[in-house]
Amino acid sequence: MRKQKAVFQNPFFFFAAGFFIGLFVKFLPLFFILMLLFLVAGGISKCFSR
């Protein structure tokens, strides 16, 4: 029983890891765009506050 359970757990862990890595890679450009937008907004607010 224990050996069968381990065999069923391993593919699940591989699938979960691949799923999260795939999501991260898919939304990575979105994170970069948001970071750039926040930097631009911070720069604009600094320019207008002076």
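Note: the structure precedes this text.
So, here's what we can say about the structure. These figures come from a predicted structure and were not determined experimentally. What you see as residue numbers is a count from 1 along each chain, following the sequence as written. For this predicted model, a pLDDT threshold of at least 70 governs which residues receive local features, and a threshold of 80 or more governs which side-chain atom pairs are given and counted, while totals over whole chains, interfaces and linings are taken from all residues. Excluded from the side-chain calculations are hydrogens and water; all other atoms, namely the structure's heavy atoms, are used.

### Concerning the overall build of the protein
Only DSSP runs of H or I reaching four residues or more are called helices, and only runs of E reaching two or more are called strands; each is numbered from the N terminus. Tallying secondary structure elements over the protein gives one helix and zero strands in all. For each residue, the accessible area found with a 1.4 Å probe, counting protein chains only, is set against the maximum for its type, and the residue is called buried under 20%, exposed over 50%, and partly exposed in between. By the burial criterion, 0% of the 50 residues in the protein qualify as buried. Residue burial considers only the protein chains on display, and all accessible areas are found by Shrake-Rupley using a 1.4 Å probe. Approximately 5200 Å² of the protein is accessible, and the part contributed by carbon and sulfur atoms is 79%.

### Comments concerning the packing of aromatic side chains
Within 6.5 Å between ring centres, the rings of Phe, Tyr and Trp (the latter by its six-membered ring) count as paired, and their orientation is classed by plane angle as stacked under 30 degrees, edge-to-face over 60, tilted in between. In this structure the tally under the stated criterion is two aromatic pairs. Taking 6.2 Å as the distance between ring centres and 20 degrees as the angle between the ring planes, the aromatic pair formed by Phe 15 and Phe 19 counts as stacked. Taken together, the positions of Phe 15 and Phe 19, both in helix 1 (residues 2-49) and four residues apart, correspond to about one turn of that helix. For Phe 15, a relative accessible area of 58% gives the class exposed. On the basis of an interplanar angle of 70 degrees and a centroid distance of 5.7 Å, the ring pair of Phe 19 and Phe 20 is categorised as edge-to-face. When its relative accessible area of 59% is taken as the criterion, Phe 20 is described as exposed. Among the aromatic side chains, those forming a connected cluster through ring pairs are Phe 15, Phe 19 and Phe 20.

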